[in-house]
Every structure is written in structure tokens, then in C-alpha cells.
Amino acid sequence: MIKAARSDGDSSKVFIIRSIHALTAIGIRNYPEAERILLSEIRNLESYPGNYKKRLVGKYSVYDIYDYTGRLYSETGNFRKAERYLLESQRYKSQYYRLTTLTRMLNNRLLSGFYIGNENWEQAERWLRDLHTGLVRSRLSGADLQLGLRDFHRGMVRIAMSQENLQMAKKHLDKATEIFATANHGVFTKARAEFWDSDLRFLHAQFQLLSGKPADALGMAKDRKSTRLNSSHVALSRMPSSA
């Protein structure tokens, strides 16, 4: 694929394909290989002049490489470098692309997830709000829309629970549950669907614990049935008393 991209003279395709190769390495936890590719391509990118850098190839941007590098360092625990590369991506992308582009949403998802992981709730909410604005204004549908809304709502659940705001947590947990229950799971890999299911059950358990119902929280944590197939999860989240 790289050879074909080079043959048509489109440098942006080469950077994008190489960065996706690195993303695949991250996915299988081959972090040294991912780091080698990413840092090499960033050096090349920063030394290459040209307006081609601003061009989108499908939903991809050459600046996604900074997001992937941020993800790499988040997963390997180098949070200072992770934040640096994610913010570098944001700096470039905010200049060239609208909030409604998938490449901006990718950056907003990763930035909000990074700050949630580091319990910087103010910054997390800032990037979640940008993500939601982009989703509302866009014409997205299907998996991209579902994943974006999932990340927004589950992020807001965590922020609300950190503030012990049960009303807001329940509002967003209801929405996250509804999205999962109505999602077209055929468009996701089995591993991704199972992760989504597990994450949602964990949020329900946290919410029950914060609501003073430890027995319900324990039962939710032990439940191995799929949220999509088990309607009791949906009913539970709508009881009066949370991606």
C-alpha cells in the first residue's frame, strides 16, 4: 500500500498508511515498533513543506499521527509526552479542520479520555463538550456517531460521579445505556462490543455504589450477561434513585 501511495505522488497517503501501521502495532502492544514508526514519521512530517498536510484522505489526516503517539504514551504511562502530542494534534487540527470532521472528533475523544484518566475533570469536560458540539452539527450516522455519543455520555457520567451529582450521572448513564441497547452491534468487532458492554456494566455498578446501594453494585459487577440482551440493565438505569 505504501508503494502504491508513493507511486501516485500523494505524500499524505504515505504518512497516513504508516501511522495506521503504527496504530496496529499499538493494538497488539508492540510499543517499541509503534514508537519507532511514529517518531520517525513525525520527524519526516515536520521536515516536509507543502499544503498537502491540510488535505483529508477520507476521514484521515496526516496529523492523526500525533493522536496515535499520544495514545501510545498514554498506554505506556508517559503522561507528560501523551499530553504534549495530543495537544500538538489539537493545535494543528483546530487550524485546518472543523469540529464536525472525524479527525477533530478523534482528537477530542482522546484528549477527554486522557484527562478523565488523570482526573482532570475541568479539561475533560472541555473536550467532551467540543466532541458533542461536533457530533450534533455533523451529518454522521452509524458506528462513528454511536461511538462518539458513547464516549461523550460515559465521560460525562464519570465527571458527574466525581462531583457526586447523581442526577446528572443518571441522565448520561441512561443515554449511554440507550445508545448501547439500540446500537447496530454488527458493525463492531466482538472485542469492541464486549468492552463496551463491560464498561457500561462497570458504570452502572459505580452509580449504584455512589447511590448507597452496595448490594446492587455487587450484583451488577458480577452480572456476566450482555447489556444489549439483558433489558434489566436498561430498566435499572431508569429507576428513581451513568461513554
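Here is what the cut-offs are and how they apply
- Residues numbered from 1 in each chain as written.
- Predicted model: local features only at pLDDT ≥ 70, side-chain atom pairs only at ≥ 80, totals over all residues.
- Heavy atoms only, no water.
- Phe/Tyr/Trp six-rings, centres within 6.5 Å; stacked < 30°, edge-to-face > 60°.
- Helix = DSSP H or I, 4+ residues; strand = E, 2+ residues; numbered from the N terminus.
- Buried < 20%, exposed > 50% of the residue type's maximum accessible area, 1.4 Å probe, protein only.
- Axes fitted to C-alpha atoms, helices over the stretch in contact; angles between N-to-C directions.
- Parallel < 35°, antiparallel > 145°, perpendicular 65-115°, else oblique.
- Left-handed = near helix turned anticlockwise from the far one by under 90°.
- Contact = heavy atoms within 4.5 Å.
- Nonpolar A, V, L, I, M, F, W, Y, C, P; charged D, E, K, R; others polar.
- Expected span 1.5 Å × (residues − 1).
- Arc of directions from axis to C-beta.
- Core = buried A, V, L, I, M, F, W, Y, C linked by side-chain atoms within 4.5 Å.
- Salt bridge = Lys/Arg side-chain N within 4 Å of Asp/Glu carboxyl O.

Tallying each qualifying case throughout the model produces nine aromatic pairs. Ring geometry for Tyr-63 against Tyr-92: centres 4.5 Å apart, planes inclined by 15°, an arrangement best described as stacked. Note that Tyr-63 is positioned in the loop between α3 (31–47) and α4 (64–75) and Tyr-92 in helix α5 (residues 79–96), a separation of 29 residues in sequence. In this structure Tyr-92 comes out as buried when scored by relative accessible area, which is 16%. Taken together, a centroid distance of 5.9 Å and an interplanar angle of 25° make the contact between Tyr-73 and Tyr-85 stacked. Taken together, the residues Tyr-73 in helix α4 and Tyr-85 in helix α5 connect sequence positions twelve residues apart.

All right, on to the packing of helix α6 (residues 102–117) against helix α7 (residues 121–137) then. Put simply, α6 and α7 touch, their axes get as near as 8 Å, and they point 155° apart. Regarding the angle of α6 to α7, the classification is roughly antiparallel. Helix-helix and strand crossings are classified by hand; for α6 and α7 the assignment is left-handed. For the pair α6 and α7, contact is made by Met-105, Asn-108, Arg-109, Leu-111, Ser-112, Tyr-115 and Ile-116 and by Trp-121, Gln-123, Ala-124, Trp-127, Leu-128, Asp-130, Leu-131, Gly-134 and Leu-135, respectively. Per-class residue counts for the contact of α6 with α7 are ten nonpolar, four polar and two charged.

This brings us to α7. The end-to-end C-alpha distance of α7, which contains 17 residues, comes to 24 Å, matching closely the 24 Å that a straight helix rising 1.5 Å per residue would cover. If you check which residues of α7 are buried, you get Ala-124, Trp-127, Leu-128, Leu-131, Gly-134 and Leu-135. Considered in projection along α7, the buried side chains sweep an arc of 120° and stay on one side of the axis. Pointing more than 90 degrees away from the buried face of α7 are the exposed residues Glu-122, Val-136 and Arg-137.

This next bit is on the nonpolar core. Residues Leu-38, Leu-45, Tyr-63, Tyr-66, Leu-72 and Leu-128 are the most contacted members of the largest nonpolar core, which totals 50 residues. In this structure, Leu-38 is in contact with Ala-22, Ile-26, Ile-65, Tyr-68, Thr-69 and Leu-72, ignoring residues within four places of it in sequence.

This brings us to α4. Between its first and last C-alpha atoms α4 spans 17 Å; for twelve residues at 1.5 Å apiece the expected length is 16 Å, and the two agree. Judged by how many residues are buried, α4 sits mostly within the fold: nine of twelve residues are covered. Taken residue by residue, α4 has Asp-64, Ile-65, Tyr-66, Asp-67, Tyr-68, Thr-69, Gly-70, Leu-72 and Tyr-73 as its buried positions. The secondary structure elements touched by the buried residues of α4 are α2 (11–27), α3, α5 and α6. Positioned one or two residues after α4, Gly-77 has a phi angle of 85°, which is positive.

Attention now goes to the pattern of salt bridges. Side chains carrying opposite charge are able to pair once their charged atoms draw close together. In this structure the tally under the stated criterion is 14 salt bridges. For Asp-64, the salt bridge is made with Lys-93, and the minimal N-O distance between the two is 2.6 Å. Taken together, the residues Asp-64 in helix α4 and Lys-93 in helix α5 connect sequence positions 29 residues apart. On the basis of relative accessible area, Asp-64 is assigned to the buried category, the value being 2%. The shortest N-O distance in the salt bridge between Arg-158 and Asp-199 comes to 2.9 Å. With Arg-158 in helix α8 (residues 142–162) and Asp-199 in helix α10 (residues 190–210), this pair connects stretches of sequence that are 41 residues apart. Judged by relative accessible area, Asp-199 falls into the buried class, the value being 11%. One salt-bridge network, held together by shared partners, links Arg-109, Arg-150, Asp-151, Arg-154, Arg-158 and Asp-199.

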